[in-house]
Amino acid sequence: MLRAYTAAAVRAAEQPLLDAGQGPALMRLAGHGLALGVVSLLRGRGRRVYGARVMLLIGSGNNGADALFAGAHLASQGARTTALLTSARTRADALAAFTRAGGRVLEVAPGPAGTLGSAGSAGSAGSAGSASTAGTPDTQGTAAFLREAELADVIMDGLLGTGGRGGLREPAAGVVAQLCKIRTRGALAGSGPAVVACDLPSGVDATSGEVYGPVLAADLTVTFGALKTGLVAAPGEQLCGAVSVVELGIAGHLGTPDVLRLEGSDLAAMLPRPESTDQKYTRGVAGIVAGSARYPGAALLSVAAASACGPGMVRYLGDPAVSAALHVRNPEAVCSAESPEDVRVQAWLAGPGVDGDSAQLGRARLAMASGLPTVVDAGALTLVGRAGQPGAAEQSQLVLTPHAGELSTLLARLGTERSRTDVEAAPVEAARQAARLTGATVLLKGPTTVVASPGGPTYTQGDGTPSLATAGSGDTLGGILVALLAMRAGRPPGIGGEPRDNLPATAALAAALHGRLGQDGAGAPLNAGMLAGRIPAVWAGLTR
Ligand SMILES: NC(=O)C1=CN([C@@H]2O[C@H](COP(=O)(O)OP(=O)(O)OC[C@H]3O[C@@H](n4cnc5c(N)ncnc54)[C@H](O)[C@@H]3O)[C@@H](O)[C@H]2O)[C@@H](O)CC1
């Protein structure tokens, strides 16, 4: 399982080492790890370090210093390194190490001739202070950097790390905007520089994942000490590329993670297996209230997905015409037009495709009041209320599965304005807010899926691909989740430990499994009807 932390938690964990005078050593360790990341990226592209052109963007803080130490390593291995100082302040020991190794320095910041020489000598004297510059902007330095960047193998982003606040300010913002264009041109031509972010892409908030443009999207992010939440949360995650963590020896001081992420080995441990004493009722009965005469497809998709997960039984409640249609593909489903109160299941899915069908909405309401784990999707989200109000229904057993637009609508109904754009900009916070207001577990669908629960852990799953952004994909997720909830009912909670954690952990498991259904066939057309058929192979690949 991956564990991610807030910027504050990482800083607090580093503090004892900083207090013990380990700051410079940590920075060198970080720089070394960053250099190794660049080397492996170059090798992966068939390039040698010797002679490679590596361009460094350097900000005023320790993040820039890490990048300079990395640049020094690469320069000493024969890379042609050029650093652009974007601030009048640069850590002198790092700059000295860089220039001593043969790195070339350009300035965008105001600076009279000769300033850099004095910075270098300050560093060589062992000082860790800042090299200050003052004077008029050296636009020639920027122009030269941008010209060379067109031909670079790697651009290293050492502008802002965990100390960044909001979007880059000028002059760095202007340089990054130009580099974004160079990167886009290069990508279109199938060439262009790779981008390596130092700790995190500058402009991505380390704690929330919020993005303040312009941001240079990275191919690789080398982060220090621990994963930060912003690297595993949308929209920041989508700008990080591959992420690797350089250990700094702070793991023992990090405390409780802010966010968890299930990996393949977790999925293998959590996916339920039939036991020799099982019969169909102990293997889990998934109940589904979905679809209507107007939207039959939602029922077909959710039943197909639930059934493909292999529960003991799938019970479908709804319109007989819909039942007849879904029996063509899933003859094993037990269908009726009964009430949820009259059938026995271990978990419910309520809501996909029920809009405008009063009988289905009535069944959804009863399923939600059953006290069983219940996935609440689409049309049934309108039935969710605020927790803690007099007479309010108990909702702690519900798992709400909105997309950003549905979450915005739900929050507005609960008295909190947050536009769809706002939800997409800060999905972790939005999901947590909805969980607090409703008392339910909230699975917020998006490029990175968030699972938040009141008082429980938050998961973010980035397993999906853009191919999954297609009509009916959510109905498939709902089917997977209800099957897993039914199959895991009464079994040990596994990951999470506490029974209370079972809902968020199972929701994260479903999101991860669903995401992996979109991973095969890189970019080949995919529709939701194809997803259920992929479940057995993906499942078997995880558990074998
Ligand atoms: N704390 C530690 O022990 C370690 C920290 N490390 C590095 O240190 C970084 C954090 O260093 P800092 O706290 O110096 O923070 P940063 O290097 O992220 O930057 C802080 C500086 O940027 C300026 N700044 C903030 N927002 C800005 C914006 N929007 N536009 C332009 N300038 C802005 C601030 O005024 C400040 O001067 C980490 O990301 C990591 O790279 C590593 O060296 C490992 C050890």
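The rules we used
Residues numbered from 1 in each chain as written. Predicted model: local features only at pLDDT ≥ 70, side-chain atom pairs only at ≥ 80, totals over all residues. Heavy atoms only, no water. UniProt positions renumbered as here; feature names shortened; annotations may be inferred. Near = heavy atom within 4 Å. Polar contact = N/O pair within 3.5 Å; in protein donor to acceptor, adjacent residues only side chain to side chain. Areas by Shrake-Rupley, 256 points an atom, 1.4 Å probe, with all protein chains shown as cover. Pairing = 2+ DSSP bridges. Helix = DSSP H or I, 4+ residues; strand = E, 2+ residues; numbered from the N terminus. Axes fitted to C-alpha atoms, helices over the stretch in contact; angles between N-to-C directions. Contact = heavy atoms within 4.5 Å. Salt bridge = Lys/Arg side-chain N within 4 Å of Asp/Glu carboxyl O. Buried < 20%, exposed > 50% of the residue type's maximum accessible area, 1.4 Å probe, protein only. Expected span 1.5 Å × (residues − 1).

Per an unreviewed UniProt entry, the chain carries the name ADP-dependent (S)-NAD(P)H-hydrate dehydratase and comes from Arthrobacter livingstonensis. Checking UniProt for the chain, the heading Subunit (unreviewed entry) contains the comment "Homotetramer."

Structural notes on the site of the ligand
In the vicinity of the ligand, 23 residues are found, and the nearest of them are Glu14, Asp66, Gly161, Gly167 and Asp199. One of the backbone N or O atoms of Thr162 is found 2.9 Å from an oxygen atom in the ligand. Between Arg165 and the ligand, the recorded distance is 2.8 Å, taken from a backbone N or O atom to a nitrogen atom. Here the ligand, which alone exposes 880 Å², has 83% of that area covered by the protein.

Focus: the sheet that holds strand β7 (residues 154–158)
Strands sit in the order β5-β3-β2-β7-β8-β9-β11 across an open sheet of seven strands; the sheet is parallel. Two strands lie at the open edges of the sheet, namely β5 (104–107) and β11 (242–246), each paired on one side alone. Along the sheet, successive strands turn relative to each other by an average axial angle of 20 degrees, direction set aside. Sheet topology note: the strand β3 (residues 80–85)/β5 ladder contains four bridges and is parallel. Pairing of Thr82 across the sheet is with Arg104, part of β5. In this fold helix α2 (residues 23–44) packs onto β7, β8 (194–198), β9 (220–224) and β11, with an angle of close to 160 degrees to the strand it touches most, β9. Sheet strands touched by helix α7 (residues 172–188): β2 (53–58), β3, β7 and β8. Its angle to β2, the strand with the most contacts, is close to 150 degrees.

Some points on the UniProt feature "binding site: AMP" (unreviewed entry) in the chain
Mapped onto this numbering, the UniProt entry gives "binding site: AMP" (unreviewed entry) at Lys445, Gly446, Pro447, Thr448, Thr449 and Gly474. A maximum C-alpha distance of 13.9 Å among these annotated residues, which run over 30 residues, shows that they cluster at one spot. Relative to the helices and strands, Lys445 is located in the loop between β19 (441–444) and β20 (449–452). Contacts of Lys445, omitting those with residues within four sequence positions, involve Asp377, Thr401, Pro402, His403, Ala404, Gly474 and Leu477. Reaching out from Lys445, the side chain makes a polar contact with the side chain of Asp377 at a distance of 3.2 Å. Summarising the element assignment, Pro447 is placed in the loop between β19 and β20. Each residue touching Pro447, except ones within four places of it in the same chain, is listed here: Ala234, Gln238 and Gly462.

Focus: the pattern of salt bridges
Applying the stated criterion across every chain yields a total of 15 salt bridges. Between Asp219 and Arg45 there is a salt bridge; the shortest N-O distance is 3.8 Å. Here Arg45 lies in the loop between α2 and β2 and Asp219 lies in the loop between β8 and β9, a separation of 174 residues in the sequence. The class of Asp219 is partly exposed, set by a relative accessible area of 27%. One connected set of salt bridges, linked through shared partners, spans Arg45, Arg183 and Asp219.

Things to note about α2
Counted at 1.5 Å a residue, the expected span for α2 with its 22 residues is 32 Å, and the 32 Å between its end C-alpha atoms agrees. In the stretch just after α2, Gly46 is the one whose phi turns positive, near 75 degrees.

Quick notes on the environment of Glu429
Structurally, Glu429 can be placed in helix α14 (residues 427–438). Owing to a relative accessible area of 35%, Glu429 belongs among the partly exposed residues under this scheme. A polar side-chain atom of Glu429 sits 3.3 Å from a polar atom in the side chain of Arg436.

A few points about the side chain of Asp199
With respect to the element layout, Asp199 can be found in the loop between β8 and β9. At 2.7 Å, the side chain of Asp199 and the side chain of Thr223 are in polar contact. What Asp199 contacts, discounting residues up to four positions off in sequence, is Asn63, Thr162, Thr221, Val222, Thr223, Phe224, Lys228 and Leu231.

Remarks on the side chain of Asp377
Inspection of the secondary structure puts Asp377 in the loop between β17 (374–376) and β18 (398–400). Within the structure, the side chain of Asp377 is placed 2.8 Å from the side chain of Thr401, a separation counted as a polar contact. Residues within four places of Asp377 in sequence aside, it is in contact with Leu349, Ala350, Gly351, Pro352, Thr401, Lys445, Gly474 and Asp475.

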